[in-house]
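Per-entry structural report
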Amino acid sequence: LAIWDAGWVPRCWYVNLQAPLRRTPIGFDTTDLFLDLVGTPDGARWTWKDEDEVAQAVTEGLLDHAALARIRGEAQALAETVRRREPPFDVDWWSWRPDPAWVAPDLPDGWDRR
């Protein structure tokens, strides 16, 4: 996710680490993997976010050390993809702007009920 400050100044890349989406009868589900990754706009520096949540997940048995090592490895590989400007990061996302003609859609009645 590319995040800008007011005035469209690039702020950071934000990666919410989660399990792949899986289809369900009512849409899609995923599982948050507790740890997130935040990078500078050029992808040169990255920091982990929510280390406290990861530690608690490990303590509570929701995540084991082997899974955590895999998650960190995949996140570091993604950070390298951004840094090397490999697809889909090979275009200048920081220059992207939404079409001013776009209108926010209205949600249909019952969107929040199962």
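Residues numbered from 1 in each chain as written. Predicted model: local features only at pLDDT ≥ 70, side-chain atom pairs only at ≥ 80, totals over all residues. Heavy atoms only, no water.

**What to know about the packing of aromatic side chains**
Aromatic rings in a pair are described by how distant their centres are and how their planes are angled relative to each other. Going by this rule: Pairing of aromatic side chains requires ring centres within 6.5 Å, counting the rings of Phe and Tyr and the six-membered ring of Trp. Pairs whose planes differ by under 30 degrees are stacked, by over 60 edge-to-face, and all others tilted. Under the DSSP-based scheme used, a helix requires at least four consecutive residues in state H or I and a strand at least two consecutive residues in state E, with every element numbered from the N terminus. A ring is considered to have a charge above it if a Lys NZ or an Arg CZ atom is located within 6 Å of its centre and within 35 degrees of its normal.
All told, the structure shown has six aromatic pairs when counted by the stated rule. Aromatic side chains Trp4 and Trp94 sit 5.4 Å apart centroid to centroid with 75° between the ring planes, which places their arrangement in the edge-to-face category. In this pair, Trp4 is assigned in strand E1 (residues 2-4) and Trp94 in the segment after helix H2 (65-83), connecting sequence segments 90 residues apart. For the pair Trp4 and Trp96, a centre-to-centre distance of 6.2 Å together with 35° between the ring planes defines the contact as tilted. With Trp4 in strand E1 and Trp96 in the segment after H2, the pair connects residues that are 92 residues apart, well separated along the chain. Through a chain of ring-to-ring contacts, three or more aromatic side chains come together here, namely Trp4, Trp8, Trp13, Phe89, Trp94, Trp96 and Trp102. Seen from the ring of Trp48, Arg72 lies directly overhead, with NZ or CZ sitting 4.9 Å from the centre.

**Considerations on the sheet that holds strand E5 (residues 32-39)**
Heads up, the condition is: At least two DSSP bridges between two strands are needed for those strands to be called paired. Simply put, an axis is a line fit to the C-alpha atoms, just over the touching stretch for a helix, and the angle between two N-to-C directions goes from 0 to 180 degrees.
One open sheet accounts for four strands, arranged E1-E2-E5-E6; its pairing is antiparallel. Since the sheet does not close on itself, it has two edges, and those belong to E1 and strand E6 (46-49), each with one partner. Across the sheet, the mean angle separating the axes of adjacent strands is 30° when strand polarity is ignored. Two strands pair when backbone bridges link them, and E1 and strand E2 (residues 10-18) are joined in this way by three bridges, in the antiparallel orientation. Among the inter-strand pairings, Ile3 is bridged to a residue of E2, identified as Cys12.

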